[in-house]
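Structure at a glance
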Amino acid sequence: MSSIRNDHEVARDLAGEAGQQLLRLRARHGFEEPDVLRTLGDRTSHEFLFSALGRLRPSDAVLSEEGADDPARLSARRVWIIDPLDGTREFAEAGRTDWAVHVALWENGRLAAGAVALPAQGSTLSTAEPPWLPEERPSGQRLRITASRTRPPEFVQKMATALGAEIVPMGSAGAKICAVLLGIADLYVHAGGQYEWDSAAPVAVARAAGLHASRIDGAQLEYNALDPSLPDILVCRPELSGMLLGSIRDVADLDGAGPQAAG
């Protein structure tokens, strides 16, 4: 790979190549030993991305779900935040396409570039060429909330009931946010516990496409923090953000403990 590429292209190309390696691994190994496949997938993708970033951007720090957290990143100007395999459960299930590879760049306090590869769907969404967001939702269409297919938080179900919305079950966080970008869903909301690598790349792409992305109380999403935990998130069309943040507050009031208590 040539090093003469901008950061958007680096994110896109590395996420895409890591995804291709994961597809080849999946085909070669098969699905009879899912635990082994998950472990191999995490390790293969992490080693490729970490090595490639070390070669292409040797002065930058890296925060990876699968790597040791180097405290030097806290004083670095540029930090790559990567999730080598988002959705390991889905990756190790035959026929599932809702898993992803995340590559994002944090620079001087903000997300500067990012890419989400959806290898089994044959696409990579990135800030190099942000997806086109339709100007309006079809009138009269029910809201569609994408949520975990195995562990949907209780507050999301209550929120869907209050809004008359449909829940669209899906695997990885990256796949869920990309579903909003692609018009498959209208929003993604989560409050069961996540980390920076779960959302950095998809949020970078979502914002580049014009979507709203925040904490569920409307606060800013902060990256490259001392504690990489980033437990809750809302991603949606910008014109829906005020209404949805209000709905989340209403559900929190009804629940008493608030949505952060949901699993």
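Everything numeric here is computed off the predicted structure, so don't read it as measured data. (Residues numbered from 1 in each chain as written. Predicted model: local features only at pLDDT ≥ 70, side-chain atom pairs only at ≥ 80, totals over all residues. Heavy atoms only, no water.)

**Quick word on the overall build of the protein**
Of the regular secondary structure elements, the protein holds seven helices and 10 strands. Computed over its C-alpha atoms, the radius of gyration of the protein comes to 18 Å, within 12% of the 18 Å expected for a compact globule of 263 residues. On the principal axes, the C-alpha backbone points of the protein span a range of 50 × 45 × 35 Å. Relative to its 263 residues, the protein shows a buried fraction of 54%. Of the contacts formed within the protein by residues at least 6 apart in sequence, a portion of 65% connects residues at least 24 apart. In the structure as shown, the protein presents an accessible area of about 11500 Å², 49% of it carried by carbon and sulfur atoms. Of the side-chain charges in the protein, 26 are positive and 36 negative, and the distance between the mean point of each set is 3 Å. (Helix = DSSP H or I, 4+ residues; strand = E, 2+ residues; numbered from the N terminus. Rg over C-alpha atoms; globule rule 2.2 N^0.38 Å. Buried < 20%, exposed > 50% of the residue type's maximum accessible area, 1.4 Å probe, protein only. Contact = heavy atoms within 4.5 Å. Areas by Shrake-Rupley, 256 points an atom, 1.4 Å probe, with all protein chains shown as cover. Lys, Arg positive; Asp, Glu negative; His and termini not counted. Charge placed at Lys NZ, Arg CZ, Asp CG, Glu CD.)

**Considerations on the sheet that holds strand β9 (residues 212-214)**
Neighbouring strands of a sheet are bound in pairs by backbone hydrogen bonds; such pairs are parallel or else antiparallel. If you walk across this open sheet you meet the five strands as β7-β6-β8-β10-β9, and the pairing is mixed. Both edges of this open sheet fall to β7 (166-170) and β9, since each of them pairs with a single strand only. Each neighbouring strand pair of the sheet contributes to a mean axis angle of 20°, computed without reference to strand direction. Bridge count for β9 against strand β10 (residues 233-236) is three bridges, and the pairing is antiparallel. (Pairing = 2+ DSSP bridges. Axes fitted to C-alpha atoms, helices over the stretch in contact; angles between N-to-C directions.)

**So, the environment of Ser 126**
Along the chain, Ser 126 falls in strand β5 (residues 123-126). Ser 126 gets classed as buried once you look at its relative accessible area, which sits at 4%. Distance from Ser 126 to Thr 97, taken between C-alpha atoms, is 18 Å for residues 29 residues apart in sequence. What Ser 126 contacts, discounting residues up to four positions off in sequence, is Arg 12, Gly 114, Ala 115, Pro 131 and Val 205. Here Ala 128 takes part through its backbone nitrogen, which lies 3.1 Å from a polar atom of the side chain of Ser 126. (Polar contact = N/O pair within 3.5 Å; in protein donor to acceptor, adjacent residues only side chain to side chain.)

**Regarding the packing of helix α1 (residues 7-29) against helix α2 (residues 34-56)**
Packed helix pairs are characterised by how far apart their axes lie and by the angle those axes make with each other. Relative to each other, α1 and α2 sit at 150°, their axes nearing to 10 Å. On the basis of their axis angle, the class for α1 and α2 is roughly antiparallel. Considering only the axes of α1 and α2, their crossing is right-handed. When α1 is examined against α2, the residues Val 10, Leu 14, Glu 17, Ala 18, Gln 21, Leu 22, Leu 25, Arg 26 and His 29 are found in contact with a partner set consisting of Val 36, Leu 37, Leu 40, Gly 41, Thr 44, Ser 45, Phe 48, Leu 49, Ala 52, Leu 53 and Leu 56. In terms of residue class, the contact of α1 with α2 is built from 13 nonpolar, five polar and two charged. (Parallel < 35°, antiparallel > 145°, perpendicular 65-115°, else oblique. Left-handed = near helix turned anticlockwise from the far one by under 90°. Nonpolar A, V, L, I, M, F, W, Y, C, P; charged D, E, K, R; others polar.)

**A short note on the state of the cysteines**
Scanning the entire structure with this criterion turns up zero disulfides. Cys 178 supplies the cysteine sulfur nearest to Cys 236, a cysteine that is in no disulfide, at a spacing of 16 Å. Looking at Cys 236, the relative accessible area reads 0%, which means it is buried. (Disulfide = S-S within 2.5 Å.)

**Comments concerning the packing of aromatic side chains**
One pass over the full model with this rule turns up two aromatic pairs. Considering the side-chain rings of Phe 91 and Trp 99, the 4.9 Å spacing of their centres and the 75° angle between planes classify their relative orientation as edge-to-face. The pair formed by Phe 91 and Trp 99 is uniform in burial state, with each residue classed as buried. On the basis of an interplanar angle of 15° and a centroid distance of 5.1 Å, the ring pair of Tyr 195 and Trp 197 is categorised as stacked. Judged by relative accessible area, Tyr 195 falls into the partly exposed class, the value being 40%. For Trp 197, a relative accessible area of 10% translates into the label buried. (Phe/Tyr/Trp six-rings, centres within 6.5 Å; stacked < 30°, edge-to-face > 60°.)

**Structural notes on unusual backbone geometry**
Among all residues save glycine, negative phi is the norm, and among peptide bonds the norm is trans. With a phi angle near 50°, Asn 108 is a residue other than glycine that sits in the positive phi range. Not every positive phi belongs to a glycine, and Asn 224 is a case in point at roughly 55°. By the element assignment, Asn 224 lies in the loop between β9 and β10. The exposure class assigned to Asn 224 is buried, which follows from its relative accessible area of 8%.

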